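# Architecture and fold: a report
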Amino acid sequence: MTPQERAEILSLYRQIRNLTDGIFTPTEIKSLRSTHKAAYSQTENIRDRFGFHTAIMDLRTIKAICDLVSPDKHIICAVLIHRMSELGAIDEKSIRNLWGEDVDKLVAGLHKVVSLYQKQVKLEDENFSKLLMTFAQDIRVIIIMIINRLVLMRAINHHPDEASVKEVALESSYLYAPIAHRLGLYKIKGELEDMSLKYTNRDIYTRIARKLNETKKSRDAYIASFIKPVKEALEHEGLKFEIKGRTKSIYSIWNKMKKQNNDLDHIYDLFAIRIILDTPEERERKECWMAYSVVADMYQPNPARFKDWLTIPKSNGYESLHTTVTGPQNKWVEVQIRSRRMDEIAERGVAAHWKYKGIKSENNLDTWMNRVRDILETADGPLELMKNLDMDIYNKEIFVFTPKGDLYKLPYGATLLDFAFNIHSNLGCTCVGGKVDGKTRRLNYKLKSGDTVEILTSSNQAPKQDWLSIVITSKARSKIKQTLKERENKAVELAKEMLQRRFKNRKIEVDESTLMKVIKKLGFKSVTSFYREIAEERLDINEVITEYESLEARNSLTADVRSAEEFTFNNDKQDSNTGSDILVIGDNVKGLNYKLAKCCNPIYGDDVFGFISSEGVIKIHRKDCPNANNIRERYPYRIITTRWSGKIGAQFAVSLRVVGNDDIGIVTNITSIINKEKDVDLRRIEIQSNDGIFQGFLVLGVNNIQSLNNLIRKIKTVKGVKDATRSN
């Protein structure tokens, strides 16, 4: 330690003693002196990265806190001994015994905040300020950090390590200055911003400072000269008011130059005044407009810069009249006119002030920060009132790091698996666990703010159903469900191919409707669950085929299904009445995919029409089909005129219903007639008899409608037969 440093320590110590006169008892002063000496002995050779002695920087921080906020003995003690605590020279128990739990709490908060910087975090991350607030545990810790940063910024002017200076300056601009603004520490915020601009762009800072070409005294004089006639005119109107004037900071001016893409000479509202009227709420608007007319009569306003937030307030409740006028020496001056109530809302209510300045608001943080600002403005011991202020402002969120220092925000209660999916879906799908602060943890480990998390993966890992009970984030749940669904669909497709292959090996042409009946009979509520059981080998395919064949054998009304090669759609044929295309079905016709409808089982020669189903298959119906009227009424645009052409060699299945007297030999006579018909085969017959009347259902194979009609006429001639009709 140099003689100059020792001299500065003694000087700072005396100044702090004067600033804290009456705060410490004689016993506390004695204890503080011994702590101070112990701190020196422990930190005598400790310097920060800029080469500054840490003891001097701590004393400068204490003095700045006393100057800018309020002297507080617990803060002074915490700042003095936290480095000793970091070095292990004093433990928590000793701190509590000497200075109490409150000082111990502050020291712990400082340690936690300092630990964030050791994680190589990207401080420009918008989540870092939230994590900083969470880690601090006490708002006084945040105030210490802000003022400590101010002290450092004051010290590094012209420091040779320009890269480090710029890094600190940028961090102060996007992290500490906004927090200071929210806390109502406007002077600190302004100084941090100005120094940040000075260290990151010294040429711009110097040019603006030089071009202003006025000392603070002369600028104040300009504002006073502007205000004086306005004040006299307002008093003449009988208004009660207060006028505040200020020159905008260099940093604010530079922001406006960038935003407006102008030089300093063309920047509006370089100077600003605020007229605050003391008036009842019912007269607010009237008196605000009176004040505006006074200013507008006195100074030329710029209409393009007029803002009326009286008639239509901002969404955050902000009310005011803004105008920019030409003041003396043709300088632009912004004038804000509002009532005392409006000013309170703008300055203190629901964080409207920093929203107005363009700093993003965050739910309960705004209200909480307002409480802090109110406390800061309390005349008697504001920092003492902050001891029990709840710092758990992000109790619904946690903030965790990657090993590289990237910071992620997750909902409270999020697990290691949630974090993996938050980074990348593929990382989540292959996650087998992770390391949290170097310790191996399982997928369901609940993360805490400040954790550093490394994800461990395996190419053999895949999402499981029970993962849904582990994660809480919607992104993770959605991806797990999606992956499980995709895997299930793939398994279903494989099972479907396997079943179709087995059917093909058995030379069975699968009818979908019959297969659906089998699935339902086996007790499955969905096709997916049916195929899933096959894929997971809980259902034997042979059992399915056996059941299918059994049902097919009992289904007497199943119609022949023709392949696309047997029929064609002849676009050269047209209906002579309508001029529309006709679907022609006959021999040697290829290229159409159609089926004969099962509801009416048409045969060659029937009057038919085609219907394009939702699957794209053309279904052929008889014109007298029971469903024909409904189809024509609901889907006329899907009807195709259809007729038979040529001959079709294969037989059609058709059912006859025969009713007659239950006489001996009547069935024999009917079957004899059928057997004599050259183009008719009897495939199945069922006979029911009741009270001397029999009813028979015959399943026949016929070539065409002519053969069927001839057979029906012959059956009707059999003695005892009362009626013979086609039943499908």
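Residues numbered from 1 in each chain as written. Predicted model: local features only at pLDDT ≥ 70, side-chain atom pairs only at ≥ 80, totals over all residues. Heavy atoms only, no water.

Positionally, Glu171 belongs in helix α9 (residues 162-182). A distance of 3.1 Å separates polar atoms of two side chains, one belonging to Glu171 and the other to Arg149. (Helix = DSSP H or I, 4+ residues; strand = E, 2+ residues; numbered from the N terminus. Polar contact = N/O pair within 3.5 Å; in protein donor to acceptor, adjacent residues only side chain to side chain.)

The strand order across the open sheet formed by four strands is β18-β19-β17-β20, and the pairing between neighbours is antiparallel. The open sheet has two free edges, formed respectively by β18 (680-690) and β20 (721-726), since each of these has just one partner strand. Sheet twist, expressed as the mean angle between neighbouring strand axes with direction ignored, is 20°. Note that β18 and strand β19 (residues 693-702) share ten bridges and pair antiparallel. Following the sheet pairing, Arg684 is matched in β19 by Val699. Across the face of the sheet, helix α26 (residues 666-676) comes into contact with β17 (652-661), β18, β19 and β20 while running at roughly 165° to β18. Of the strands in this sheet, β17, β18, β19 and β20 are in contact with helix α27 (residues 705-716), which crosses β20 at around 165°. (Pairing = 2+ DSSP bridges. Axes fitted to C-alpha atoms, helices over the stretch in contact; angles between N-to-C directions. Contact = heavy atoms within 4.5 Å.)

Attention now moves to the pattern of salt bridges. Counted under the stated rule, the structure contains 29 salt bridges. Here Lys189 makes a salt bridge to Glu193, at a shortest N to O gap of 3.3 Å. Here Lys189 and its partner Glu193 are both found in helix α10 (residues 186-200), four residues apart, which amounts to about one turn of the helix. Overall, Glu193 belongs to the buried group, its relative accessible area being 11%. Within the structure, one salt-bridge network assembled from shared partners comprises Glu281, Glu284, Glu319 and Arg341. (Salt bridge = Lys/Arg side-chain N within 4 Å of Asp/Glu carboxyl O. Buried < 20%, exposed > 50% of the residue type's maximum accessible area, 1.4 Å probe, protein only.)

Counting residues in each nonpolar core, the largest one holds 57 residues, and the members touching the most others are Ile146 and Ile156. With twelve residues, helix α8 (residues 139-155) is the largest single contributor of residues to this core. In this structure Ile156 touches Phe50, Phe52, Val165, Val168 and Tyr199, once residues within four positions along its chain are discounted. Core analysis: the second largest hydrophobic core is formed by 31 residues, Leu583, Ile603, Leu698 and Ile715 among them. (Core = buried A, V, L, I, M, F, W, Y, C linked by side-chain atoms within 4.5 Å.)

Time to look at the confidence of the model for the protein chain. Overall, the prediction assigns the protein chain a mean pLDDT of 79, with 80% of residues at 70 or greater. Mean pLDDT values for the elements of the protein chain range from 34 in helix α16 (residues 352-356) up to 94 in helix α14 (residues 284-298). In this model residues 348-366 is a low-confidence stretch, pLDDT under 50, and it forms 47 contacts with partners more than four residues away in sequence or in other chains. (pLDDT = per-residue confidence, 0-100.)

In this section: the pairing of β19. The element β19 is largely enclosed, with a buried count of seven among its ten residues. One ladder, built from ten bridges, connects β17 with β19; its direction is antiparallel. Residue pairing for β19: Ser655 is matched across the bridge by Val699. In this antiparallel pair of consecutive strands, β18 and β19, the connection spans two residues, and Asp691 shows a positive phi of 55°.

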